[in-house]
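Results of the structural survey
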Amino acid sequence: MTTNISKDLLMLMLERMWRIRHFELKLTEMYNAGEVGGVHLYIGQEAVAVGACAALKDSDYIAGNHRSHGHPIAKGANLKKAMAEIFGRIDGYCKGKGGSMHLADFSVGILGESGIVASSVPVATGAALASKLEGKDFVSAVFFGDGASNQGACHESMNLASVWDLPVLFICENNQYAVTTSYKDTVAVEHISDRAQAYNMPGILVDGQDAIAMYEATAQAVERARNGEGPTLIEALTYRFEDHSLGLEKIRKSEYREESEIDEWRLRDPLDLLTKSIVDSGTATPAECDAVSANAHAEVEEAAEFARNSPFPDESELYKDMFASDMPVV
Amino acid sequence: MTEKMFMQALGMGIAEEMRIDPKVFLMGEDVRASVYGAASGLHDEFGDERILNTPLSENGFFGAAVGAAAVGMRPIVETLTSFMWVGMDQLVSQAAKMRYMFGGQATLPVVYRAVMYYGGGSAAHHSDRSYPVFMNIGGLKIVTPGTPADAKGLMKTAIRDNDPVIMFEDGTLLGTRGEVPDDPDFTVPFGVANILREGTDVTVVAIAGSVPRALAAAEEMAKEGVSVEVIDPRTLVPLDKETILNSVGKTGRLVVADPAAKVCSAASEIMSIVGEEAFWDLQAPMQKVASKQVHIPFSPSLEKLVYPTSDGIIESIKKTLG
Ligand SMILES: Cc1ncc(C[n+]2csc(CCOP(=O)(O)OP(=O)(O)O)c2C)c(N)n1
Ligand SMILES: [Mg+2]
């Protein structure tokens, strides 16, 4: 894809995509070594969150789901705190109380990932409501899967956002499956983006392997939202290269999807595609791109070391944070 | 002080807080027309911007309140207890858990106003007394005002509080009258029980709609020379254990009157605390006067058998006296 996006932004996207990729390759390695538990890998989908977040400002909000590392890293989360959280340590984002599926960093607008499928969709809609009520110019974006798109929470939120013209982006990551079930067996329309019509908002179908396409679609939706024109539904067609989650040994990928299908999608690795665009357009050299990857790799190694060395939360943390005020829990 | 109806007192509390704090807004189904009464006059005063009629999407707008609160607003959500089931995921997975799960990053000043109708022939789908369910979940403050003054004072505290609060507005009390302070600085703190009547022989802890019934029972018992202390905990989370334990220390006898269904009721929890912490103070087995463990039947001949009554409370008081 040819583009007039700045070199800085392209290199930032490449950096964030490599951070996610190396972060999760490291998690896989540490899972195999018995250092961390099972987590949901985002590998293969990096262009979706990174392309989308590149179109957002720090003051904008995002919320996500159980496939939970890509969104925060794309929005600028700190790798050390993210890794320490997955290790259940006190220096983690949530002091070890959230774990992999509940990364959050309110200071950079990450309102949190969610273990309950579609549960963060109304929350992101509410952040957009606050923006509108207060006449602020921030927007919110929520990432959810093809499976989540069948939840009432999604439908209720899209309708609510549309009748109230809220500045929210509904970003559906259609990675083709919910665990082992193809969306073709559970979604009544051809494209999830078609559902936008029912809520009287634009529905955009995007190549989710292409970070630049994601950026451009999101930028358009953000502009609409900031102008007070309301929400947009973006369906990003993508694919998870790995199993539903590490640790679910029972779910063999070949039982519900063909190896050939996986191989075909792997030919469209989002990192290869973005690197190629950058190199082909003369924006940066292959060596510069390799350096971005090497840097991200080093950051991830450092994060893993940081996480390993961080202490576990002690007993004094157990009841803390149940309430804002100090009060006995029972 | 002015005499007000419970329902008006709730509305006064909301209006006063909305005047003070522009971040407070109210949303719910048909709130502009105030079909449930307490929001009467608010739309005229505060307009479309701050009084929002929602679609019938409890999960959607319960969750939107969480999101708005997470970024600094102070939403009030109006609903009925019986419609809360539809929005349970947002109440439990988000409102209740978000702060803890994110290590204290989220501050969620949301008030869910749950109008609690029962006793009027509304049958099983519109008669829930569900506060014990939410006590069990944790992370939510649970408020059950028993008098008009508390309705106003606790509403104001709920709106100022930085945690998610559920105000259970007992339908059997909405028409009751009482003196309500006009002072906009008047509030009622959470976690402080109200000793409505002092006594020395038996302690009756009464929750929500049981409050007037317990007071009537105490009045009757006084005629028989029995001195009953009546305590309204006012908030179930946080619970003022001290006041209850001190009273039991004095009387040695406990009756708990609770309109919720008997199994795992608020009464169950209070009795369990007294059993664990004040067993040796007790001179007789504790008595629970809660609703029968059935769904609410439509027919008045059956429905009237379900809830705690003054007579039921009197009977239990007598049991503790042997
Ligand atoms: C409400 C709810 N139902 C079921 C689950 C179990 N579950 C976890 S992930 C998942 C599949 C979600 O599919 P999708 O939304 O497409 O996201 P993906 O995993 O493909 O990224 C399921 C069924 C859950 N966490 N929450
Ligand atoms: Mg999926």
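Fair warning: this is a prediction, and the values are worked out from it, not measured in the lab.

**Concerning helix α8 (residues 210–223) of chain B**
Residues and elements named next belong to chain B. With 14 residues, α8 should reach 20 Å at 1.5 Å per residue; the first-to-last C-alpha distance of 20 Å fits that figure. All of the buried residues along α8 are Ser 210, Val 211, Ala 214, Ala 217, Ala 218 and Met 221. All buried residues of α8 fall inside an arc of 125° around its axis, so they share one side. Tucked into the core, α8 has its buried residues touching β9 (194–197), β10 (202–206), β11 (228–232), β13 (254–261) and α12 (310–321). Positive phi shows up at Gly 225, right after α8, with a value of about 85°.

**Looking at the interface of chain B and chain A**
The accessible area lost on association of the parts is a frequent measure of interface size. Each side of the interface is counted separately: chain B has 43 residues, and chain A has 44 residues. Across the chain B to chain A interface the summed buried area is about 3300 Å²; carbon plus sulfur atoms make up 66%. Together, Val 71, Tyr 100 and Gln 105 of chain B form the three largest contributors to the area buried by chain B at its contact with chain A, with a combined 21%. Summed over the shared surface of chain B and chain A, the result is one salt bridge. Measuring nitrogen to oxygen at the nearest pair gives 2.8 Å for the salt bridge that ties Lys 23 of chain B to Glu 134 of chain A. Counting every contact that joins chain B to chain A gives 17 residue pairs in polar contact (both at pLDDT 80 or more). Only β2 (24–28), β3 (51–53), α3 (58–70), α4 (88–96) and α5 (98–101) of chain B provide two or more residues apiece to the side of chain B that touches chain A. A total of 10 residues in the side of chain B that touches chain A trace back to one element, the largest contributor, which is α3 of chain B. The residue makeup of the side of chain B that touches chain A, split by class, is 19 nonpolar, 16 polar and eight charged.

**Here's the deal with the nonpolar core**
One finds Met 13, Met 83 and Phe 170 of chain A together with Met 27, Tyr 112 and Ile 142 of chain B to be the most contacted residues of the largest nonpolar core, which totals 173 residues. Top contributing element to this core by residue count: helix α1 (residues 7–32) of chain A, with 11 residues. No fewer than three residues from each of domain 1 (2–180) and domain 2 (194–321) of chain B sit in this core. Core analysis: the next-biggest nonpolar cluster, separate from the first, contains 35 residues, Phe 46, Phe 83, Val 143 and Ala 158 of chain B among them.

About the thresholds
- Residues numbered from 1 in each chain as written.
- Chains lettered and ligands numbered in written order.
- Predicted model: local features only at pLDDT ≥ 70, side-chain atom pairs only at ≥ 80, totals over all residues.
- Heavy atoms only, no water.
- Helix = DSSP H or I, 4+ residues; strand = E, 2+ residues; numbered from the N terminus.
- Expected span 1.5 Å × (residues − 1).
- Buried < 20%, exposed > 50% of the residue type's maximum accessible area, 1.4 Å probe, protein only.
- Arc of directions from axis to C-beta.
- Contact = heavy atoms within 4.5 Å.
- Buried area = accessible area lost by both parts, 1.4 Å probe.
- Salt bridge = Lys/Arg side-chain N within 4 Å of Asp/Glu carboxyl O.
- Polar contact = N/O pair within 3.5 Å; in protein donor to acceptor, adjacent residues only side chain to side chain.
- Nonpolar A, V, L, I, M, F, W, Y, C, P; charged D, E, K, R; others polar.
- Core = buried A, V, L, I, M, F, W, Y, C linked by side-chain atoms within 4.5 Å.
- Domains from an automatic or database assignment.

Keep in mind these numbers describe shape, not what the thing actually does.
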